[in-house]
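# An overview of the molecular structure
Residue-level listing of the chains:
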Amino acid sequence: MVPVVAAAVLVGLLVAPPLRGLIAYFAVPEGEPWCKACPLCGRAVRLLPPTGRCPGCRGRLGAGAGTVEAVAAAVAVAVAYAADGPQTMALGWAGALGVALGFVDARVRRLPHLLNLALLAGVAVLLAAAALAEGRPGVLVRCLLAALTVGMLLELAVWAKALGPGDSPLGFALGGLLGWYGWSVALGGLFAAMVLAGLWATLLVVAALARRREVRGRDVPVGPFLLLGALIAVLAG
């Protein structure tokens, strides 16, 4: 087990630099252009070191030092632990892009549609390949129904202005992925995400009240909790 964990950590560390580039590129407020280059020196944003600083001018870009590496390594270990078939490729794809989506949402409260689309497309293709490899094409029907169920439930919350517009597309992708493991896992992931988001929101309110600060407007990024809930559901399923 130790070699597997070590290999998973290594994979997480190797994918961290391009993930940092994605986070820096997409972590901009709504309405602003994507960050294609360092605003201080103009160096292209692609691969970034663990320091979270531009290699050219040492200016701060994206996530804090070591954070992406730690999360990517932890997710890689979780994916390795849950590995039990060809669908693991889809889980790994979701885990990698999920790290970028989680950091972007936590930083600027948005889930870019380009990243959501890449996540959804990758999951769909890899699950289809896994179903064909195992001779189980019928499982894709359940994946589709689970994607529609989770995605539409979140879309209803978007219509009610309880969630952001990027949460439901993420729900479609995660619902389809969790549908591979069964309905209990798909719905359990959604339930876990809502519980975790609710607990976090409660902690923020309590902390604000304790400091006698304004409570209104303390929005919670739901994306990281949707991703975490999905991972917990897979590990527990």
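Summarised in this report is the structure supplied together with it. (Residues numbered from 1 in each chain as written. Predicted model: local features only at pLDDT ≥ 70, side-chain atom pairs only at ≥ 80, totals over all residues. Heavy atoms only, no water.)

Next up on the list: empty space enclosed by the protein. Rolled over the atoms, a probe as big as a water molecule pinpoints where empty space is left. Applying the stated criterion to the full structure yields 1 cavity of 30 Å³ or more. If you trace the largest cavity, you find it lined by Val150, Gly171, Leu174, Gly175, Leu178, Ala186, Gly189, Leu190, Leu226 and Ala230. Taken together, the elements giving at least two residues each to the lining of the largest cavity come down to helix H6 (167-179), helix H7 (183-210) and helix H8 (223-236). Ranked by the residues each element gives to the lining of the largest cavity, the list is headed by H6, at 4 residues. Partitioning the lining of the largest cavity into residue classes produces 7 nonpolar, 3 polar and no charged. (1 Å grid on protein atoms, 1.4 Å probe; cavity = no way out; pocket = protein on both sides within 12 Å on 5 of 7 lines; lining within 4 Å. Points joined across faces, edges and corners; volume = space filled by probe spheres on them. Helix = DSSP H or I, 4+ residues; strand = E, 2+ residues; numbered from the N terminus. Nonpolar A, V, L, I, M, F, W, Y, C, P; charged D, E, K, R; others polar.)

One finds Val68, Leu119, Leu170 and Leu226 to be the most contacted residues of the largest nonpolar core, which totals 52 residues. Of all the elements in the fold, those that place two or more residues in this core are helix H1 (2-26), helix H2 (67-82), helix H3 (88-108), helix H4 (113-134), helix H5 (139-159), H6, H7 and H8. Take this core: its biggest share by element is 10 residues, from H3. Non-local contacts of Leu119, meaning those with residues more than four positions away in its chain, are made with Trp93, Ala94, Leu97, Leu101, Leu170 and Ala173. With 8 residues, the next largest nonpolar core counts Ala24, Val28, Cys38 and Cys54 among its residues. (Core = buried A, V, L, I, M, F, W, Y, C linked by side-chain atoms within 4.5 Å. Buried < 20%, exposed > 50% of the residue type's maximum accessible area, 1.4 Å probe, protein only. Contact = heavy atoms within 4.5 Å.)

Contact pair H5 / H7: the axes reach a minimum separation of 10 Å and the direction vectors enclose 20°. If you check the angle between H5 and H7, you find them roughly parallel. Note on packing geometry: the crossing formed by H5 with H7 is right-handed. Mapping the contact onto sequence places Arg142, Leu145, Ala146, Thr149, Val150, Leu153 and Leu154 in H5 and Trp183, Ala186, Leu187, Leu190 and Met194 in H7. Of the residues in the contact of H5 with H7, the class split is 10 nonpolar, 1 polar and 1 charged. (Axes fitted to C-alpha atoms, helices over the stretch in contact; angles between N-to-C directions. Parallel < 35°, antiparallel > 145°, perpendicular 65-115°, else oblique. Left-handed = near helix turned anticlockwise from the far one by under 90°.)

A separate point is the side chain of Ser168. Position of Ser168 among the secondary structure elements: in helix H6. Among the polar contacts listed, one links the side chain of Ser168 to the side chain of Glu155, at a separation of 2.5 Å. Residues in contact with Ser168, not counting those within four places in the same chain, are Gly151, Leu154, Glu155 and Val158. (Polar contact = N/O pair within 3.5 Å; in protein donor to acceptor, adjacent residues only side chain to side chain.)

Another aspect to go through is the packing of H6 against H7. At a closest axis distance of 7 Å, the pairing of H6 and H7 adopts a crossing angle of 145°. Contact with H6, carried on its side by Gly175, Leu178 and Gly179, involves Val185, Ala186 and Gly189 of H7 and no other residues of that element. Of the residues contributing to the contact of H6 with H7, the split by class is 3 nonpolar, 3 polar and no charged.

So, on to a nonpolar patch on the surface. Together, Val141, Leu144, Leu145, Leu148, Met152, Leu153, Leu156, Trp159, Trp183 and Leu187 make up a nonpolar patch on the protein surface, roughly 970 Å² of accessible area in all. The set of elements that each furnish at least two residues to the nonpolar patch consists of H5 and H7. Tallying contributions element by element places H5 first for the nonpolar patch, with 8 residues. Within the secondary structure, Trp183 is located in helix H7. (Patch = residues over 30% accessible without salt bridge, like charges linked within 9 Å, V, L, I, M, F, W, Y side chains within 5 Å. Areas by Shrake-Rupley, 256 points an atom, 1.4 Å probe, with all protein chains shown as cover. Salt bridge = Lys/Arg side-chain N within 4 Å of Asp/Glu carboxyl O.)

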